[in-house]
Amino acid sequence: MPETPDVYTHGHADSVLRSHRNRTAANSAAYLLPHLRPGLSLLDVGSGPGTITADLARLVAPGPVVGIEPVEDPLAEARATGAGIPTLRFEVADVYRLDPAAGRYDVVHAHQVLQHLTDPVAALRAMGSVLADGGVVAVRDADYAAMTWFPADERLDAWLATYRAVARSNGAEPDAGRRLYAWARRAGFAEVTASASVWCYATPEERQWWGGAWAERITGSRVAEQAVERGIADRGDLAEMAAGWQAWASDPDGWFALLHGEVLARRPS
């Protein structure tokens, strides 16, 4: 267990969950999909509103799938998302306290989770502890320092610096993507395969969705509250960042790329 309790930097405001609802197995777990087949059991750590989890459950059915969150907040929506999939359930559980005696899984998956933890190596060890023989841990995380966009805007530079400062004030690592391979090796996995992929937003619809979500999130989510509480930014600063996002979203040349690190870490057969 980490010495400092984990804090979910984003919180569960609708502006956060709205972006999470866009995530699917195809756009967020493509590196894992070739390794799935019907009948596998799967644990989804940090399942959020359940869109990825439900997709994965359909792919491994009739295998059982469990989605977990450390708090109840997002699970009502996740259960609604997964309604009609009899092999899928959601429950509150702590990634650091996974119990091998309660069951083992062929796949343990976590998307955008390790970046929010104070001890990601301990979490990976716990995820490995509930793997079945020959199973795989699959994790994917963004790398904030590697995000890039056009056109340049000092307000977006300030947004990035503010977000990274807030995350680090929680004892978390916003630039997790580049560290996943090292963390998995430190967690004791003998066979680790690393890869990377990007989300890219460039169409008018994509810009309005991504820019609009962040304009709202940087002023009306836990990120904003923590930035103000800790003296990282004031409300005027945050409003300027939101205006930068809105300007980017409206720019016909606007382009944004978000790099992710990925690893598949196998438990030896």
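The rules we used
- Residues numbered from 1 in each chain as written.
- Predicted model: local features only at pLDDT ≥ 70, side-chain atom pairs only at ≥ 80, totals over all residues.
- Heavy atoms only, no water.
- Helix = DSSP H or I, 4+ residues; strand = E, 2+ residues; numbered from the N terminus.
- Rg over C-alpha atoms; globule rule 2.2 N^0.38 Å.
- Buried < 20%, exposed > 50% of the residue type's maximum accessible area, 1.4 Å probe, protein only.
- Contact = heavy atoms within 4.5 Å.
- Lys, Arg positive; Asp, Glu negative; His and termini not counted.
- Charge placed at Lys NZ, Arg CZ, Asp CG, Glu CD.
- Pairing = 2+ DSSP bridges.
- Polar contact = N/O pair within 3.5 Å; in protein donor to acceptor, adjacent residues only side chain to side chain.

S.K.: Can you walk me through the overall build of the protein chain in this structure?
M.R.: For the protein chain, the helix and strand inventory stands at 10 helices and eight strands. For a compact globule of 269 residues, the expected C-alpha radius of gyration is about 18 Å, and the protein chain comes in at 18 Å, within 12% of that figure. The principal-axis extent of the C-alpha atoms belonging to the protein chain is close to 55 × 40 × 30 Å. Per-residue burial for the protein chain yields a buried fraction of 51% across its 269 residues. For the protein chain, long-range pairs separated by at least 24 residues make up 76% of all intrachain contacts whose partners lie at least 6 apart in sequence. Side-chain charges in the protein chain split into 25 positive and 34 negative, and the spacing between the mean points of these groups amounts to 5 Å.

S.K.: Teacher, can you tell me more about the side chain of Thr53 here?
M.R.: Of note, Thr53 is situated in helix H3 (residues 51-60). Leaving out residues up to four positions away in the same chain, Thr53 has contacts with Asp44, Ser47, Val65, Gly67, Leu88 and Phe90.

S.K.: Can you help me understand unusual backbone geometry in this one?
M.R.: With glycine set apart, most residues show a phi of negative sign, and most peptide bonds adopt trans. At the junction of Ala61 and Pro62, the peptide bond is cis and its omega measures out at 10 degrees in the coordinates. As for its placement among the helices and strands, Pro62 is situated in the loop between H3 and strand E2 (65-69). Residue Phe150 is joined to Pro151 through a cis peptide bond whose omega torsion reads -5 degrees. Relative to the elements of secondary structure, Pro151 occurs in the loop between strand E6 (148-150) and helix H6 (154-169).

S.K.: I tried to follow the pairing of strand E4 (residues 105-111) on my own but got confused; where do I start?
M.R.: Side chains on a regular strand alternate between the two faces of the sheet. Taken across its seven residues, E4 has six buried, putting it largely inside the fold. For strand E1 (residues 42-45) and E4, the ladder comprises four bridges, and the chain directions are parallel. The residue bridging Val45 from the neighbouring strand is Ala110, located in E4. The sheet contact formed by E4 and strand E5 (residues 131-142) spans six bridges and is parallel. Looking at E5, one finds that Tyr105 is bridged to Leu131.

S.K.: Help me out: how do you make sense of the side chain of His109 in this one?
M.R.: With respect to the element layout, His109 can be found in strand E4. Of the polar contacts made by the side chain of His109, one reaches the side chain of Asp44; its length is 2.6 Å. If near-sequence neighbours (up to four positions away) are discounted, His109 is found in contact with Ala29, Tyr31, Leu32, Leu43, Asp44, Val45, Ile52, Leu56 and Ala138.

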